[in-house]
Amino acid sequence: MNSTTNTLSIKSVYIDFKEITKAGLAVSVLFSSIAGYLLGFSNSFPFSWTTLLMLTVGGYCMVGASNAFNQVIEKDLDALMDRTKNRPVPSGRMSVNTALLIASLLTVVGLTLLYLINPKTAMFGAISIFLYTSLYTPLKTKTPLSVFVGAFPGAIPFMLGWVAATGEFGIEAGTLFLIQFFWQFPHFWAIGWFLYEDYEKAGFFMLPTGKRDDKTALQTILYTVWLIVASLLPCLGFTGQLFISKIAAVLVLLLGLWMLYYALRLRKEKTSKAAKSLMLASVFYITMLQLIYIIDKFLR
């Protein structure tokens, strides 16, 4: 009986840890950082399994810390929304102090590991946590500009991998940042659209106009176009050591046009179903773009 109870206890702790750190989101963010690292290493900056491991563990800690701090700050608001009310803190399964302790430990461990890679990687990791918890999170109930602010920490992971590989922040890392920066807008506005009623319960302003209207849909289309343009910059020869072949550029363009189709469909239909389709398309887009960049590098 005690063995069964202990097993259930360990399992529940594991589940709560996954939820407080938003494991699914953290893994997708880590994928971006690993992609950036694979694009960044070269003869001048040799590949290192140790660095990649520290980036992976340290990166998860940083994302997990941001999410844990976020859930502490928003615990009362999370309790109002259907999709978040069963999270560890608002549901009462985890105390605020425990969540803060987890967030603090993850911050220390994450920053230490990233610093061991190089100081710039740790600096950008720290900036990401600060922007996410101190600016983006409180602004969500104040202004739709919270998405703009949140796009900065959200765009750091892709370029963080490049900085981890090279120890430098230049045009290459800046381009990777720009791609993921523009990607944030159609992605999160799509989420804000189909979860509009739930966000409204907590008073979150996630759409640029505050409404599911034509202007919001038009801005989603505009930022999707900017995303496509940013994604094609590496084929023009102006982004230093970051470049892609013409074949890769064509694939990226087709991928972008495919995502643009869903943005256009959102404007036409203005439904939650169309918004969810755009959200899924955006996830597929950023994943495939990173894979195309990586594969193109190794095939050249």
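Look up: the structure comes first, before these words.
Residues numbered from 1 in each chain as written. Predicted model: local features only at pLDDT ≥ 70, side-chain atom pairs only at ≥ 80, totals over all residues. Heavy atoms only, no water.

Engineer: Could you give me a rundown of a nonpolar patch on the surface, with the residues and numbers involved?
Structural biologist: Taken together, the side chains of Ile247, Val250, Leu251, Leu253, Leu254 and Leu257 make up a nonpolar region of the molecular surface, amounting to roughly 560 Å² of accessible area. Along the chain, Leu257 falls in helix 12 (residues 246-269). (Patch = residues over 30% accessible without salt bridge, like charges linked within 9 Å, V, L, I, M, F, W, Y side chains within 5 Å. Areas by Shrake-Rupley, 256 points an atom, 1.4 Å probe, with all protein chains shown as cover. Salt bridge = Lys/Arg side-chain N within 4 Å of Asp/Glu carboxyl O. Helix = DSSP H or I, 4+ residues; strand = E, 2+ residues; numbered from the N terminus.)

Engineer: I'd like to hear about the packing of aromatic side chains, residue by residue, with values.
Structural biologist: For the structure shown, the criterion picks out 24 aromatic pairs. Centroid distance Tyr132 to Tyr136: 5.2 Å. Interplanar angle 40°. Geometry classified as tilted. With Tyr132 and Tyr136 both in helix 7 (residues 119-139), this residue pair falls four residues apart, about one helical turn. Classification of Tyr136 as buried rests on a relative accessible area of 9%. On the numbers, 6.1 Å between centres and 20° between planes, the contact of Phe182 with Trp226 is stacked. You can see Phe182 sitting in helix 9 (residues 171-194) and its partner Trp226 sitting in helix 11 (residues 214-232), a full 44 residues away along the chain. Judged by its relative accessible area of 43%, Trp226 is partly exposed. Of the aromatic side chains, those joined through ring pairs into one cluster are Phe148, Phe152, Phe177, Phe181, Phe182, Phe185, Trp189, Tyr223 and Trp226. Directly above the ring of Phe41 sits Lys297, whose terminal nitrogen or CZ lies 4.0 Å from the centroid. Positioned above the aromatic ring of Phe298 is the side chain of Lys297, whose terminal nitrogen or guanidinium carbon lies 5.8 Å from the ring centre. (Phe/Tyr/Trp six-rings, centres within 6.5 Å; stacked < 30°, edge-to-face > 60°. Buried < 20%, exposed > 50% of the residue type's maximum accessible area, 1.4 Å probe, protein only. Lys NZ or Arg CZ within 6 Å of the ring centre and 35° of its normal.)

Engineer: Lay out the pattern of salt bridges in plain terms, naming residues and giving numbers.
Structural biologist: Pairing between side chains of opposite charge can happen when the charged atoms of each approach one another. Applying the stated rule across the entire model yields 12 salt bridges. Ionic pairing is found between Asp78 and Arg87, a salt bridge with its closest N-O pair at 3.3 Å. The buried category is assigned to Asp78, whose relative accessible area is 0%. Take Arg87: its relative accessible area is 13%, and that puts it in the buried class.

Engineer: I'd like to hear about the environment of Ser32, residue by residue, with values.
Structural biologist: Looking at the secondary structure, you find Ser32 in helix 2 (residues 23-40). Classification of Ser32 by relative accessible area gives buried; the value is 4%. For the pair Ser32 and Ile244, spaced 212 residues apart in sequence, the C-alpha to C-alpha distance is 17 Å. Look past the residues within four positions of Ser32 in its chain and what remains in contact with it is Pro157, Phe158, Gln180 and Gln290. Within the local environment of Ser32, its side chain forms a polar contact with the side chain of Gln290, the two groups lying 3.0 Å apart. (Contact = heavy atoms within 4.5 Å. Polar contact = N/O pair within 3.5 Å; in protein donor to acceptor, adjacent residues only side chain to side chain.)

Engineer: Tell me about the side chain of Asp296, and name the residues and values.
Structural biologist: Here Asp296 shows up in helix 13 (residues 272-299). You can call Asp296 buried: its relative accessible area is 9%. Aside from chain neighbours lying at most four places away, what touches Asp296 is Phe243, Ile244, Ser245 and Ala248.

Remember, this is a structural readout, not a statement about activity or role.
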